[in-house]
Amino acid sequence: TMLNMVCITGLYGGTGTDDDDPAAQMLLGPPDGLFNHRGAIMCWVFREQDPHNATTQPHKPQTPAPRSLMKFWVGVVVLLIPRLVFGGLCGHLDTEALGRMPSATQRLLVRASWTLIKPVFHLLLLVAAPALVAYFWLLAVYAIGGIILSLISTDVVLPVAFDVHKRLFGWSPPDMRRAKSQLGMYFFVPTFFALVLPVFIPLSLRLFVGEKGYLTALWHTWD
């Protein structure tokens, strides 16, 4: 429910940018956060100018060398998990987008779920973090499947649903082309975490108790 509420808030626009919409900023933190793609650690990974250090000299982008590719994978695989776990703790509820919601009940539900459930969500991510790192390839499989389902929902199911609604009720659907990114977040995020957490939390606990065998722990969890 909390993830749905946050993603619905993102549909109303707000302070998010084109490359990091409001829902992403609320869940993962601001783009210039410590673990985020414009933060100090990621600037070191990609050898970019540190936005927090005005004395750092900008440089011209270069073709990645093998050592740079190693840093790239460190950034993608390792720093993505801390961004999921800790980045959102620095995120703020987008009050501008929230203010555009016409329903006071909906706004109250968003604030309540943000205050009460979001800390629990980050705690569950913290418990699942060891498995998220150890089985990153499985996380990638879930992500690819979620992206495919999100694209199908956004580009196939939603237009058909709007067309049927228009034929039955004579209602002209809104132009959702500008909100395609937010719609993608709305369809992807709740489904993705609803599938990932029930698998990766017990898998992480199996790693904590020292169950032997990389694939054995995965098989026992899946079974």
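Residues numbered from 1 in each chain as written. Predicted model: local features only at pLDDT ≥ 70, side-chain atom pairs only at ≥ 80, totals over all residues. Heavy atoms only, no water.

(A) The arrangement of the environment of Trp114 in detail. Here Trp114 is to be found in helix α7 (residues 104-116). When its relative accessible area of 15% is taken as the criterion, Trp114 is described as buried. In this structure, Trp114 is in contact with Met2, Val6, Met26, Gly91, His92, Leu93 and Pro119, ignoring residues within four places of it in sequence. (Helix = DSSP H or I, 4+ residues; strand = E, 2+ residues; numbered from the N terminus. Buried < 20%, exposed > 50% of the residue type's maximum accessible area, 1.4 Å probe, protein only. Contact = heavy atoms within 4.5 Å.)

(B) Representation of the side chain of Ser113 in the model. On the secondary structure map, Ser113 appears in helix α7. Given a relative accessible area of 4%, Ser113 falls into the buried group. The contact partners of Ser113, leaving out residues within four places of it in the chain, are Met2, Met5 and Lys118.

(C) Just the packing of helix α1 (residues 2-11) against helix α10 (residues 180-208), in detail. Axis separation between α1 and α10 bottoms out at 9 Å; the angle between their running directions is 175°. The pairing of α1 with α10 is recorded here as roughly antiparallel in orientation. Where α1 abuts α10, its residues Leu3, Asn4, Cys7, Ile8, Gly10 and Leu11 lie against Gln182, Leu183, Met185, Tyr186, Val189, Pro190 and Phe193. In terms of residue class, the contact of α1 with α10 is built from ten nonpolar, three polar and no charged. (Axes fitted to C-alpha atoms, helices over the stretch in contact; angles between N-to-C directions. Parallel < 35°, antiparallel > 145°, perpendicular 65-115°, else oblique. Nonpolar A, V, L, I, M, F, W, Y, C, P; charged D, E, K, R; others polar.)

(D) Main features of the packing of aromatic side chains. Throughout the structure, instances matching the rule amount to six aromatic pairs. Relative to Phe187, the ring of Tyr186 has its centre 5.3 Å away and its plane inclined at 70°; by these criteria the two rings are edge-to-face. In this structure, Lys118 packs its charged tip against the face of Trp114, placed 4.5 Å from the ring centre. (Phe/Tyr/Trp six-rings, centres within 6.5 Å; stacked < 30°, edge-to-face > 60°. Lys NZ or Arg CZ within 6 Å of the ring centre and 35° of its normal.)

(E) Highlighting the nonpolar core. Tyr135, Leu139, Val189, Phe193 and Phe200 are the most contacted members of the largest nonpolar core, which has 42 residues in total. When contributions to this core are tallied by element, the ones reaching two or more residues are α1, α2 (22-28), α5 (80-86), α7, α8 (118-134), α9 (136-169), α10 and α11 (214-222). Here this core gets eleven residues from one element, more than from any other, and that element is α10. When residues no more than four places from it in sequence are discounted, the contact partners of Phe200 are Ala128, Ala131, Leu132, Tyr135, Leu138, Leu139 and Tyr142. (Core = buried A, V, L, I, M, F, W, Y, C linked by side-chain atoms within 4.5 Å.)

(F) Summary view of the pattern of salt bridges. In the structure shown here, the tally under the stated rule is two salt bridges. Between Arg100 and Glu96 there is a salt bridge, with the nearest N and O atoms lying 2.8 Å from each other. Judged by its relative accessible area of 45%, Arg100 falls in the partly exposed class. In this structure, the salt-bridge partner of Arg167 is Asp163, at a minimum N-O distance of 2.9 Å. You can see Arg167 and its partner Asp163 sitting in helix α9, four residues apart, about one turn around the helix. The class for Asp163 is partly exposed, based on a relative accessible area of 35%. (Salt bridge = Lys/Arg side-chain N within 4 Å of Asp/Glu carboxyl O.)

(G) Inspection of the packing of α9 against α10 at higher detail. Between α9 and α10, the shortest axis-to-axis distance is 8 Å and the interhelical angle comes to 145°. α9 and α10 meet at a crossing whose hand is right-handed. Contact residues: α9 offers Leu138, Leu139, Tyr142, Ala143, Gly146, Ile147, Ser150, Ser153, Thr154, Asp155 and Leu158, while α10 offers Lys180, Leu183, Gly184, Phe187, Phe188, Phe192, Leu195, Val196, Val199 and Phe200. The residue inventory of the contact of α9 with α10, partitioned by class, reads 14 nonpolar, five polar and two charged. (Left-handed = near helix turned anticlockwise from the far one by under 90°.)

(H) Spatial organisation of α7. Along its 13 residues, α7 runs 18 Å from first to last C-alpha, staying within 8% of the 18 Å computed at 1.5 Å per residue. Every buried residue belonging to α7 is among Val110, Ser113 and Trp114, and all of these are buried. All buried residues of α7 lie within an arc of 100° about the axis, which places them on one face of the element. In α7, those exposed residues whose orientation departs by more than 90 degrees from the buried face are Thr105, Leu108, Thr115 and Leu116. Next to the buried residues of α7 lie α1, α2, α6 (95-99) and α8. (Expected span 1.5 Å × (residues − 1). Arc of directions from axis to C-beta.)

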